[in-house]
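# Coordinate inspection notes
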Amino acid sequence: MVAAAAALADEVGVGSLTMGLLAERLGVRTPSLYKHVGGLEDLNRRIAELALDEAAEAVGLAVRGYAGRDALAAAARSFRAFVVEHPGRYAATLGQEPSSPDDPLAVAGARLLDAFMAVLRGYDIPESDVDHALRSLRSLFHGFATLQAGGGFRWSADIDESLEWLIAFADRGLRSA
């Protein structure tokens, strides 16, 4: 059911997802959904968990075997592809707060951070700057991917070239840190 809800969120946007729309998609009555989830808020949280797991898997696989700029590029491309292909489920991750360190949302988020930490291991980042570097990468990649997914790049420059420019920019910054 969560996978179907995530797919529907990708189609209509997480903000437009309703229990009624999901029930219609699944061919069931809306009350029967409440046997599986506590409501729309619970469903959105489960979509967020799924999205973080999927993004962590995609980025983790992409960076495996790479280091430095190659790992950075693989992470950026993989993350962007995930967000562009799954805009609704990725949007569900925004604003979700884990309730504890063992909350599945926290575990999935940590897996995604671990994938980006693998990228940072290819750079000489002082331990005291690792959090800043992670936040910078997240901001760069999240911003680029969500702008692209939302149709925010409508001018003539090639989007793939812009991403490569961003990767080179981030690589220079990480190497100089």
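Given the structure is predicted, the values throughout are model-derived calculations rather than measurements.

Basis of the calculations
- Residues numbered from 1 in each chain as written.
- Predicted model: local features only at pLDDT ≥ 70, side-chain atom pairs only at ≥ 80, totals over all residues.
- Heavy atoms only, no water.
- Helix = DSSP H or I, 4+ residues; strand = E, 2+ residues; numbered from the N terminus.
- Polar contact = N/O pair within 3.5 Å; in protein donor to acceptor, adjacent residues only side chain to side chain.
- Phe/Tyr/Trp six-rings, centres within 6.5 Å; stacked < 30°, edge-to-face > 60°.
- Buried < 20%, exposed > 50% of the residue type's maximum accessible area, 1.4 Å probe, protein only.
- 1 Å grid on protein atoms, 1.4 Å probe; cavity = no way out; pocket = protein on both sides within 12 Å on 5 of 7 lines; lining within 4 Å.
- Points joined across faces, edges and corners; volume = space filled by probe spheres on them.
- Nonpolar A, V, L, I, M, F, W, Y, C, P; charged D, E, K, R; others polar.

## Brief notes about the side chain of Asp10
Here Asp10 is to be found in helix 1 (residues 2-12). One polar contact links Asp10 to His86, side chain to side chain, over a distance of 3.0 Å.

## A few points about the packing of aromatic side chains
Counting across every chain of the model gives six aromatic pairs. Relative to Tyr90, the ring of Phe79 lies with its centre 5.5 Å away and its plane at 90°, an arrangement referred to as edge-to-face. Of the two residues, Phe79 is situated in helix 5 (residues 68-85) and Tyr90 in helix 6 (residues 87-93); the sequence distance between them amounts to eleven residues. Phe79 sits in the buried class, given a relative accessible area of 4%. Ring geometry for Phe116 versus Phe141: centroids 5.9 Å apart, planes at 35°, classification tilted. With Phe116 in helix 7 (residues 104-120) and Phe141 in helix 8 (residues 130-149), this residue pair connects regions lying 25 residues apart in the sequence. The pair formed by Phe116 and Phe141 is uniform in burial state, with each residue classed as buried. Taken together, the ring pairs connect Phe79, Tyr90, Phe116 and Phe141 into an aromatic cluster.

## Details of the layout of surface pockets
Taking a probe equal in size to a water molecule and rolling it over the atoms shows the remaining empty space. Counted as a void, the largest pocket has a volume near 500 Å³. Surrounding the largest pocket, 20 residues form its lining, Leu52, Gly109, Leu112, Leu113 and Arg138 being those nearest its centre. The set of elements that each furnish at least two residues to the lining of the largest pocket consists of helix 6, helix 7 and helix 8. Its residues placed into classes, the lining of the largest pocket shows twelve nonpolar, four polar and four charged. Lining the second largest pocket are Ile125, Asp129, His132, Ala133, Ser136, Leu137, Leu140, Phe169, Ala170, Gly173, Leu174 and Ala177. Elements that contribute at least two residues to the lining of the second largest pocket include exactly helix 8 and helix 9 (159-176). Per-element accounting of the lining of the second largest pocket gives the leading share, five residues, to helix 8. Of the residues in the lining of the second largest pocket, the class split is eight nonpolar, three polar and one charged.

From the geometry alone we can't say anything about function, so treat these as descriptive.
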